[in-house]
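Each chain, letter by letter, is given below.
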Amino acid sequence: MNIAVRRDAPVLLKARRRHTVWFAILAALLLLFTDSAWQGEGIIHENLEWLGYALVIVCVLGRVGCAAYIGGRKNEEIIADGPYSIVRNPLYVFSFVGAAGIGLGTGTITVPAILITAFALYYRWVVAREEAYLLARFGADYLRYIQTVPRWWPSPRLWRSPQEITIRPKFLLLTIRDSALFFVAFPLLELLDWLHALNYLPVLFSLR
């Protein structure tokens, strides 16, 4: 039983990364031919973009903060300090915020709504499988954790943190690298706007 459980974690991680890459490619292909119906209405379009920028900054800072606490030890022990003391899946919560930010960067409401819906449906399944793995691995200790800390909606009143934490630089740097990819979306979206404006790419879908 333990052997099977231990093998399930890397399989889940690889599958999640593969699915994320494929979804990103599909979304990018659709955005090639999609533009904001508010493109000519500067204040709406610009405000949505700026809100998107702000959410992505929150996402990146939050993910880096989570990495400082978890330090690559997620499957070695139950992490219940810092952001993990107020919500069980803070990395996913901040990624959710980042996905919403990227969607708003298109200057539409429709695109972030689609991204948020897809994220919520997919990661509900991912988290259910991860929690089953962790419950099988840690038993009663993890059961007490999930009975105390909410899965998705942070509860700040539960916050607790030790005076010192051990940081694994390699894992922290990897998280910074991966999180920084969220910022790449914005120059790419600006490039698409430019290509649409010059009619180098046809606009098949005009969304609000």
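The structure contained in this document is the topic of the report that follows. (Residues numbered from 1 in each chain as written. Predicted model: local features only at pLDDT ≥ 70, side-chain atom pairs only at ≥ 80, totals over all residues. Heavy atoms only, no water.)

1. Comments concerning the overall build of the chain
Right, so step 1: Each helix and strand in the chain was counted, giving six helices and two strands.
Right, so step 2: Traced from its N-terminal end to its C-terminal end, the chain shows the element sequence α-β-α-α-α-α-α-β.
Right, so step 3: Dimensions of the chain, computed from C-alpha atoms along their principal axes, come out at roughly 60 × 35 × 30 Å.
Right, so step 4: By residue count, 38% of the 208 residues in the chain fall in the buried class.
Right, so step 5: Of the contacts formed within the chain by residues at least 6 apart in sequence, a portion of 83% connects residues at least 24 apart.
Right, so step 6: Approximately 12400 Å² of the chain is accessible, and the part contributed by carbon and sulfur atoms is 68%.
Right, so step 7: In the chain, 21 side chains carry a positive charge and 15 a negative one; their mean positions are 12 Å apart. (Helix = DSSP H or I, 4+ residues; strand = E, 2+ residues; numbered from the N terminus. Buried < 20%, exposed > 50% of the residue type's maximum accessible area, 1.4 Å probe, protein only. Contact = heavy atoms within 4.5 Å. Areas by Shrake-Rupley, 256 points an atom, 1.4 Å probe, with all protein chains shown as cover. Lys, Arg positive; Asp, Glu negative; His and termini not counted. Charge placed at Lys NZ, Arg CZ, Asp CG, Glu CD.)

2. Let's talk about the packing of helix α3 (residues 90-104) against helix α6 (residues 169-197)
Right, so step 1: It is the contact of α3 with α6, at a shortest axis distance of 10 Å, that shows an interaxial angle of 5°. Judged by the inter-axis angle, α3 sits roughly parallel to α6. Judged by residue contacts, S95, G98, A99, G101 and I102 of α3 engage F182, A185, F186 and L189 from α6.
Right, so step 2: By residue class, the composition of the contact of α3 with α6 is six nonpolar, three polar and no charged. (Axes fitted to C-alpha atoms, helices over the stretch in contact; angles between N-to-C directions. Parallel < 35°, antiparallel > 145°, perpendicular 65-115°, else oblique. Nonpolar A, V, L, I, M, F, W, Y, C, P; charged D, E, K, R; others polar.)

3. Quick look at helix α4 (residues 110-138)
Right, so step 1: Taking 1.5 Å of rise per residue, 29 residues should cover 42 Å, and α4 covers 41 Å from first to last C-alpha, within 8% of that figure.
Right, so step 2: The first or second residue beyond α4 is G139, which carries a positive phi of 60°. (Expected span 1.5 Å × (residues − 1).)

4. Some thoughts on a nonpolar patch on the surface
Right, so step 1: A cluster of nonpolar side chains, contributed by L181, V184, L188, L191, W194, L198 and Y200, occupies part of the molecular surface with about 730 Å² of accessible area.
Right, so step 2: Within the secondary structure, L188 is located in helix α6. (Patch = residues over 30% accessible without salt bridge, like charges linked within 9 Å, V, L, I, M, F, W, Y side chains within 5 Å. Salt bridge = Lys/Arg side-chain N within 4 Å of Asp/Glu carboxyl O.)

5. Observations concerning the packing of aromatic side chains
Right, so step 1: Under the criterion given, the structure shown has 10 aromatic pairs.
Right, so step 2: Consider the rings of Y142 and Y145, whose centres lie 5.9 Å apart with planes at 45°: the pair is tilted. One end of the pair is Y142 and the other is Y145, both in helix α5 (residues 140-148) and three residues apart, which spans about a single turn.
Right, so step 3: Site record: aromatic cluster; members linked through ring pairs are Y92, F96, F119, Y122, Y123 and W125. (Phe/Tyr/Trp six-rings, centres within 6.5 Å; stacked < 30°, edge-to-face > 60°.)

6. So, the nonpolar core
Right, so step 1: C66, Y69, I70, I79, A80, Y84, Y133, L134, F138, Y142, Y145 and V149 together form the largest nonpolar core, which totals 12 residues.
Right, so step 2: Listing elements by their share of this core, those giving two or more residues are α2 (42-70), α4 and α5.
Right, so step 3: Judged by nonpolar contacts, the second largest core, of seven residues, contains L31, L189, L192 and L201. (Core = buried A, V, L, I, M, F, W, Y, C linked by side-chain atoms within 4.5 Å.)

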